[in-house]
Structures are given as structure tokens and as C-alpha cells.
Amino acid sequence: MEKSSSSSSSSSFVPIENVDWISTLPNDLLLVILSRLSTEEAVRTSVVSKRWEHVWKHMSHIALDMRKKVTSSNNTLDVTKRVAPLMTKIINNHRGHLESCVIDSYTNGMLNTWIDSLTGVRQTKHLTLRRHVGEEKWQNSCRDFPQNSFSFASLTSLSLFSYTLRTSHSFNDCQNLKTLKLWVTFASEAGIFNRILASCPSLEVLVLGVGCFKKGGPLKIDNKRLKLLKVSAYGEMEGIKVTSPSLHILAIDEVLPCERYNFDLTSPGLQFSRFLARISLPHVSYNISKEENCIGHEEYVIKSGGALLRKSFPAYMSVSVDLMNAREVSRLRQVLLAWTHPIRLELEIIFKLLARYIYVEKNNAHREEEASPKYKEPFPNAEFRVDTLWMYNFSGSSEEEFAFVSCLVRQKTVKRRMMIKTTGFPERNKLEIETAVAKLRALKTKDQWELTINCF
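All figures in this text were calculated on a predicted structure; none of them were measured in a lab.

### Examining the overall build of the protein chain
A tally of regular secondary structure across the protein chain gives 12 helices and 19 strands. Considering the protein chain as a whole, with its 456 residues, one finds that 50% of them fall into the buried category. Excluding contacts between residues fewer than 6 apart, the proportion of contacts in the protein chain whose partners are at least 24 apart in sequence is 66%. On the protein chain, roughly 22,400 Å² of surface is accessible, and the fraction owed to carbon and sulfur atoms is 52%.

Below you can see the structure in the form of C-alpha cells.
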């Protein structure tokens, strides 16, 4: 019996072939795997086998970071000399076009070569260049990028961090750029930034953290297609003048060095009332767009998760929304959820289309999004809280408005004050508003003793 058992065991043994199933996958799937790795790790896979040798060269995104090598050496100059040629080799060995590239470096030495290769040869769409202060210090951060460096048709998004610009000629005729971000970027005077912005007429997203070393007039932002603007200014900036008729998101990230009268805003798409007198203080004004594809909203909510516009203290936000438009209501939810401010939030809501709520007959509705939300779930969620809510154009007769505001009371979204503006309405509408306010007060529970609901 033992012999039989042994014979049976040996006959059931099946040898397992040593097969590299991963390497048999098509390049598209291998590139998905490599996208989970850092660029340095992806490049190392080229030594695994001949099958892997050239796969990384077709990655759509590469990130080159000198800082990783500095941890083992205090001499950034030495690291730069060793690492810069390797970064050049990676860029030159890449094949095809690049969707995006991020470079963190301590040196200016090879930068022009990298830019020329990335924008001119590899047709990079999104380019980020971040300079970090090493032994070269700030005096060597000045840049004369090559003329027309950023005017290649493929380049649609550019981000520069920690540079001092001597001239604007690298931005000559930048019809291609739709997104421009200048973080901690300095110039001798505002005129350099003005010429840069004038050379970029297609901008839709503009993020500026800029400063000047000497006075030379105001910063002029005159871009007709601009949808999102975030601005903070340092140094000798004498003022800011914004003329952007398409603008629907404005963020003041820092207390501006100029007085209120030196901030001149011409943008009919933006509506904000209470915060107008302190526009130079940190705040966000957000006109929710009903456009199907909105680059400003995508940049704010999808790409940055709200981090792009979240820094101010205390936090002020002004939002204009049409509650009859389901897309705008959905975006309002996303905007508020993205604003996870740790301190407190003073929120201003301006309801759009007041005339339609009051005068247009209910059976005359012809909008795309006809079904208004019923707010069965907490809006925007159960955790969101504001310290004070200011409301404008609350008619008192709109079912959509009352459903929305009553939801904010019932779920205890507003902690201290709910202020409703009645001035500006005809007398016959004020009675409707006061009746609606009385109903809202009746919704308060005993533990909401701190909340006041008043008209102003």
C-alpha cells in the first residue's frame, strides 16, 4: 500500500514553468504599472531585461527631483554636478511626447537645455519648474530664460517656483498658454509681469504669488478669457488692476500690501457684497458656473481639492449660485466640501436670477435642469459648518431657496448667525421674506440657542 501511495504522489506532481507573465503584457499595461513608480524607479526597470529596456521611455509623465540626493550630502553644489547630467540623460532618452514634466533642482546651469528639449522636442503639455535654494542662494536665482522658451504650441500649462525674472522675452507671443502659475516669483518692477501677462492672451487659469524690488506702477491683469485668478503680492507692488470680463473665481491669498483703493477690479461676472469693502483681505469670491466644461472649477475642485484657494485666516467666501440649476447646485456642494478650513468660515451666498423667482410664472420653466434638489441628505455634508452665513436675493417665495436654507438650519450648518438681506426688495416682498424667516426660526432646536436668524 505504501508503494502504491508513493507512486500515486509522484504521478500527480506537475512542474511549474518559470514564466514572466508581467513582461508578456502589452506596453500600455506596463506603462500603467510604471506610472505607480517614481521616475527614478521606472528608469531602473530598464535593466530587468531587454523587454523592459525601453518601456519607461514612453511614460507620459516624468518627475526629476534633485532633493532626493541631497539627503546623503550637505553639499548641494556637489550633488548638482553629479545629478544634473543624469537628469539630462533621462530627458534626452525619453521617446515621444510628454504629457507633463516636473523638475525640482538647485541649479540654473542645465535648465535652458532641459526646457529646449522638453518644449521643443518632446512637446510637453504641462511643465513645472521649481527652484530650491541651495548653496547658490537667492542672488543666483535670476533667470534669463531663452527667448520664446514657452511659446511652443504644445505647451498649455506652465508653473514656475522661486525664480527672479530679469525680462519677459521668454514669454513672447505665448498664445498657447491656458494656465500660468508663478509661485514666489520676483522681478525688478511690475512692468515685467505686465508684459508677460499681455503676451499670454489665452490664459484661463492664473495663479500669481509675485513681488517687485522697486516701485514701478500697479500689476495689470487684463486677460479677457481668464476664469480663475489667485493673487498675492509682495515687496514694492503699488497696486493691482484686474480687468477680466469672464472671471468667475477670485482668490486673494494674502493681505495685499496695497491699500483698498489700489485694488481695482472690473469683472461683471463676480458678485460679492459684504466683502467688497475688504477685498484686499484673504477671501474667495466664486460665481458658480453652469458651463458643462469649466476649467476654473476643474482646477479648483478636481486638481487641487480646494488647496489652491485654501490658506486665508479668517476664512471668507462669497458664492453666487442658481438653485434652479442642478449642475450649479452640485458644484456648490463640491466647492464647500473642498473648503476644509480648520478655523471658521464666514460665508456669503448670493442667489442668482432674482427676477425669475419673483416675476416669471412657474409654468414658464424651460431650463435644462428642471428638477430642483430636495436636500434629503445633509448639504454639503453632515460635518460642514460655517460661523456666519450672509444671504442676498432671498425672496422668501422661492421653494428652492427655502428648501436649501431650511436644510442648513435643520442640519446645524450655521453655528452663530444667519443674516438675510431684505433691503432693495419691494414692500410686498419684504412680508414674504419675514414670513419665511419666522418659519426658519421655528426650525431651531433647543441646542441651537446660540444661532440667531435676522434680517438686515
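### Notes on helix H9 (residues 326-338)
Taking 1.5 Å per residue, 13 residues should reach 18 Å; H9 reaches 19 Å between its end C-alpha atoms and fits that length. Within the sequence span of H9, burial applies to Glu328, Val329, Arg331, Leu332, Val335, Leu336 and Ala338. Where H9 is buried, its residues contact strand S14 (283-287), helix H8 (295-303), strand S15 (315-321), strand S16 (345-351) and helix H11 (399-410).

### Observations concerning the packing of aromatic side chains
Counting across every chain of the model gives 10 aromatic pairs. Here the aromatic rings of Phe351 and Phe394 are separated by 6.4 Å at their centres, their planes lie at 45 degrees, and the arrangement is tilted. With a gap of 43 residues between them, Phe351 in strand S16 and Phe394 in the loop between strand S17 (386-392) and H11 connect regions that are remote in the sequence. On the basis of relative accessible area, Phe394 is assigned to the buried category, the value being 0%. Ring centres of Trp390 and Phe456 lie 5.3 Å apart, and the angle between their planes is 90 degrees; this geometry places the pair in the edge-to-face category. Linking Trp390 in strand S17 with Phe456 in the segment after strand S19 (452-455), this pair joins segments that are 66 residues apart in sequence. An aromatic cluster is defined as three or more aromatic residues linked by ring pairs; in this entry it consists of Phe145, Phe150, Tyr163 and Phe171.

### Digging into the environment of Gln334
Examined against the element boundaries, Gln334 turns out to sit in helix H9. On the basis of relative accessible area, Gln334 is assigned to the partly exposed category, the value being 31%. Measuring from C-alpha to C-alpha, the distance between Gln334 and Tyr300 comes to 9.7 Å, with 34 residues separating the pair along the chain. Excluding its chain neighbours within four sequence positions, the residues that come into contact with Gln334 are His297 and Val301.

### What about the pattern of salt bridges?
Following the criterion strictly, the structure yields 10 salt bridges and no others. Of the charged contacts in the structure, one is a salt bridge between Lys352 and Glu328, with a shortest N-O distance of 3.2 Å. Taken as a pair, Lys352 in the loop between S16 and helix H10 (354-359) and Glu328 in helix H9 lie far apart in primary sequence, 24 residues in all. Looking at Lys352, the relative accessible area reads 15%, which means it is buried. Taking the shortest distance from any N to any O, the salt bridge between Lys412 and Asp447 comes out at 2.4 Å. On the criterion of sequence distance, the pair formed by Lys412 in the loop between H11 and strand S18 (414-420) and Asp447 in the loop between helix H12 (427-442) and S19 is long-range, its members being 35 residues apart. Counted as one network, the salt bridges with shared partners bring together Asp387, Arg416 and Glu450.

### Quick word on the environment of Asp173
On the secondary structure map, Asp173 appears in the loop between strand S6 (164-165) and strand S7 (179-187). Counting along the chain gives 23 residues from Asp173 to Ile196, while the straight-line C-alpha distance between them is 9.2 Å. Ignoring anything within four residues of it in the chain, the contact list for Asp173 reads Ser151 and Ser199.

### Describing H11
The end-to-end C-alpha separation of H11 is 16 Å, in line with the 16 Å expected for 12 residues at 1.5 Å each. Looking at H11, one finds that the buried residues are Glu400, Glu401, Phe404, Val405, Ser406, Cys407, Leu408 and Val409. Lys412, located one to two residues past H11, shows a positive phi value of around 65 degrees.

### So, the confidence of the model for the protein chain
Per-residue pLDDT for the protein chain has a mean of 82; in total, 79% of the residues score no lower than 70. pLDDT under 50 marks residues 135-139. Its contacts with residues more than four places away, or in other chains, come to 14 contacts. Overall, residues 354-371 carries pLDDT values under 50, and its contacts beyond four positions in sequence, including any with other chains, amount to 34 contacts.

### A word on the nonpolar core
In terms of nonpolar packing, the biggest core is built from 64 residues, with Phe171, Leu180 and Ile221 touching the most fellow members. Apart from the residues within four sequence positions on either side, Leu180 is in contact with Leu158, Phe171, Ile196, Leu197, Leu203, Val205, Leu206 and Val207. Membership of the second largest hydrophobic core comes to 47 residues, among which are Leu336, Ala338, Leu347 and Ile433.

### Overview of the side chain of Ser46
As for its placement among the helices and strands, Ser46 is situated in the loop between helix H3 (39-44) and strand S1 (61-65). Discounting residues that sit within four places of it in the chain, Ser46 has contacts with Trp52, Glu53 and Trp56.

Criteria and thresholds
- Residues numbered from 1 in each chain as written.
- Predicted model: local features only at pLDDT ≥ 70, side-chain atom pairs only at ≥ 80, totals over all residues.
- Heavy atoms only, no water.
- Helix = DSSP H or I, 4+ residues; strand = E, 2+ residues; numbered from the N terminus.
- Buried < 20%, exposed > 50% of the residue type's maximum accessible area, 1.4 Å probe, protein only.
- Contact = heavy atoms within 4.5 Å.
- Areas by Shrake-Rupley, 256 points an atom, 1.4 Å probe, with all protein chains shown as cover.
- Expected span 1.5 Å × (residues − 1).
- Phe/Tyr/Trp six-rings, centres within 6.5 Å; stacked < 30°, edge-to-face > 60°.
- Salt bridge = Lys/Arg side-chain N within 4 Å of Asp/Glu carboxyl O.
- pLDDT = per-residue confidence, 0-100.
- Core = buried A, V, L, I, M, F, W, Y, C linked by side-chain atoms within 4.5 Å.

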